[in-house]
Amino acid sequence: TTHSNPKRHVGQRLPSRKSVVTRSYSKVLPIDVDIGFIKRAGLSTLAAGLLLFANPSDVPRAESSSLLSPEDERIADMYDRVNPSVVNIFDAAMTGRGPVGSNSPGNGSGIIYSREGYIVTNYHVLGKLIDSVGIEKAKSLTTPISKVLILDKNELQESFDGYFVAADKPRDLLVLKVNAPPEILQPATFGDSSATRVGQSILSIGNPFGFEHSMSKGIISAKNRGFQSYTDSVIGGALQIDAATNPGNSGGPVISASTGEVVGVNAAIFTNTGDSVRVGFAIPSNTVKNVVDQLIANGQVIRPSIGITPAPATIAKSLGTITDGVMIQTVQPNGPSDGKLFGTRREITGVQRGDIIIKLNDSIIHNIFDLSSALDQLSIGDSVAVTVLGTGGEPRTETITLAHE
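First, a word on scope: everything that follows refers to the structure included in this document.

Moving on, we get to the environment of isoleucine 130. Here isoleucine 130 shows up in helix H4 (residues 127–133). The exposure class assigned to isoleucine 130 is buried, which follows from its relative accessible area of 0%. Apart from the residues lying within four places of it in its own chain, the contact partners of isoleucine 130 are Tyr123, Ile135, Ala138, Ile145, Phe164 and Leu174.

Here it is in C-alpha cells:
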C-alpha cells in the first residue's frame, strides 16, 4: 500500500556527549592529584607544585575526551555510532505520550532495519492495538498504528507515522514501515548471535520509562535460555543479559560491545516488582533476521514443524518422573511424525505417556525451549533425526521430514 508522506515534527535536541566537561579543584588538592593531567599539560615539577595551590579559577579545564579512558572513549564512540539506529515507538491510539518516567503501555523501542524504512520492534509493544483488529486485518490498514521518533543528523527527533507491515506473535516480533528520508535512516548491523559467548560485554539502548536513547552496559549472563514472552508464547535460545532493562526497552537492541553489531532484541525481564533486577532476555539476532526477512518478503513466517503437540509440564509430571526432554501429547494425523512418533494415549492398562523427545539432530533437548530453538534453525523439507524415549524408556531414532507448522 502506498501512503502519503506523513507530517514530521521536530522534537527537542538531545544532549550531546561532546559537550565540555569541567573539573573542579580545591586550593589544596589531595595527594592523589591528577598526575595524568599534569603530564598532558607538559608542566614542570615547579609548575605542578604551584598548581597545587593555585586559585581554582586559574586552573585550565580539560575537555571530556581527555578525561575518558581509552575503553570509555571507545564505548562512547560506539554509542554515537549505533544510537541513530534506535527509535522510540508510541501506540497511535495513545492520547499523548504520558509523562517521562511513567510506565505507559504502548511505549517501546525499535531498530531501523533498512533504508527502505522498515522498523523492527516487539509485538507486545503494539500488541493491544493489533489484537483488537487481528493481524490479517491490520495488514490492510491504510492508517498508521504508531508514531516513530527518529534522530536526524542534527540529533533532533523527527516524528513519522508507522504503518503495520506484518508480525510474528509467537516470536514477539513486529515490522513497521515509515516514509522517512533515506538520509536519516541509519540501519543497524545485525551480527551472528551464535558466535556470542557468556561473559562478553554488551550494550543496551532504548527508552526505559520514556527516557529516550538511554544506554546501559552489562554482559551476556547465559545463552539458550527459554522464557515465556509477553505474548504468552514460548521463545527458546534467548540471550540472558544483566544490563539494566526496564519497561520501554522492549524492542530495542542488545549490542556487542566489541563490534557494535546487534546480537539480540530486548523482549522480557524477570522481576517480582515490575522493575529491572538485571535479569533480562533478548531474542537472538539470528532468529530476528530469519523472522523479519520472511515478514518483509511474505507477510508471514513459514516455520518448520515435526507435527506434534508437546504436553504441558504438569501433564508430563503426572504421568511419570519426567525430568528431561519434551513429552509428546498428540501427533498430527497424516503429519510428518504420524506412525513414527507416539503421543499420550489411553489404553486398557490406563493412560500411557507419549514418546519423550531428547535429541533433534545434534541438539540435546531438555525442555520445550530447546525444541523451539532447534526448530528455528531449520527449514521446511529438511530431514532431521529425532531421538525419543519410548514408553519402556528405550531410546530410538526416527528420521522425519519437516513440514509447515
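Formed by 23 residues in total, the largest nonpolar core has its most connected members in Phe190, Phe227, Ile283 and Val288. Elements with a contribution of two residues or more to this core: strand S4 (118–121), strand S7 (173–177), strand S10 (234–241), strand S12 (262–269), strand S13 (280–284) and helix H6 (285–298). With near-sequence residues (within four places) excluded, phenylalanine 190 lies in contact with Ile111, Tyr113, Glu261, Val262, Ser285, Val288 and Lys289. Ranked by size, the runner-up nonpolar core spans 21 residues in total, among them Val87, Phe164, Ala180 and Ile184.

With 14 residues, H6 should cover 20 Å at 1.5 Å per step; its first-to-last C-alpha distance of 19 Å lies within 8% of that length. Listing the buried residues of H6 in full gives Ser285, Thr287, Val288, Val291, Val292, Gln294 and Leu295. Among the structural elements, S4, strand S6 (156–168), S7, S12, S13 and helix H8 (368–376) are those in contact with the buried residues of H6. Of the residues trailing H6, glycine 299 is marked for its positive phi of about 75°.

A ring pair, where both rings are aromatic, is described by two values, the distance of the centres and the angle of the planes. For the structure on display, the rule yields two aromatic pairs. Between tyrosine 113 and phenylalanine 190, the aromatic rings sit 5.3 Å apart at their centres with planes inclined by 65°, giving edge-to-face as the arrangement. Placement of tyrosine 113 in the loop between strand S3 (107–112) and S4 and of phenylalanine 190 in the loop between S7 and strand S8 (201–206) is noted, with a sequence separation of 77 residues between them. Each member of the pair, tyrosine 113 as well as phenylalanine 190, is classed as buried. Aromatic side chains phenylalanine 227 and phenylalanine 281 sit 5.4 Å apart centroid to centroid with 10° between the ring planes, which places their arrangement in the stacked category.

Two side chains of opposite charge can pair, provided their charged atoms sit close to one another. Taken as a whole, this structure holds nine salt bridges when the rule is applied. Here aspartate 131 makes a salt bridge to lysine 169, at a shortest N to O gap of 3.3 Å. You can see aspartate 131 sitting in helix H4 and its partner lysine 169 sitting in the loop between S6 and S7, a full 38 residues away along the chain. Residue class for aspartate 131 comes out partly exposed when judged on its relative accessible area of 45%. What makes lysine 169 partly exposed here is its relative accessible area of 29%. A salt bridge links glutamate 398 to arginine 396; its shortest N-O distance comes to 3.3 Å. With relative accessibility at 21%, the residue glutamate 398 sits in the partly exposed group. Given the relative accessible area of 21%, arginine 396 is considered partly exposed.

The end-to-end C-alpha distance of helix H3 (residues 70–82), which contains 13 residues, comes to 18 Å, matching closely the 18 Å that a straight helix rising 1.5 Å per residue would cover. All of the buried residues in H3 are Ile75, Ala76, Met78, Tyr79 and Val82. Along the axis of H3, the buried residues cluster in a sector spanning 155°; they form a single face. Buried-residue contacts for H3 involve strand S2 (86–91), S8, strand S9 (214–228) and strand S11 (253–256).

For S12, the tally of buried residues reaches eight of eight residues, placing the bulk of the element in the interior. Two strands pair when backbone bridges link them, and S11 and S12 are joined in this way by three bridges, in the antiparallel orientation. Across the sheet, residue isoleucine 255 finds its bridge partner in S12, namely valine 262. Linking S11 back to S12 in an antiparallel pair, the connection comprises five residues, with glycine 260 at a positive phi of about 80°. Across five bridges, S12 lies against S13 in antiparallel orientation.

Rules behind the numbers
- Residues numbered from 1 in each chain as written.
- Predicted model: local features only at pLDDT ≥ 70, side-chain atom pairs only at ≥ 80, totals over all residues.
- Heavy atoms only, no water.
- Helix = DSSP H or I, 4+ residues; strand = E, 2+ residues; numbered from the N terminus.
- Buried < 20%, exposed > 50% of the residue type's maximum accessible area, 1.4 Å probe, protein only.
- Contact = heavy atoms within 4.5 Å.
- Core = buried A, V, L, I, M, F, W, Y, C linked by side-chain atoms within 4.5 Å.
- Expected span 1.5 Å × (residues − 1).
- Phe/Tyr/Trp six-rings, centres within 6.5 Å; stacked < 30°, edge-to-face > 60°.
- Salt bridge = Lys/Arg side-chain N within 4 Å of Asp/Glu carboxyl O.
- Arc of directions from axis to C-beta.
- Pairing = 2+ DSSP bridges.

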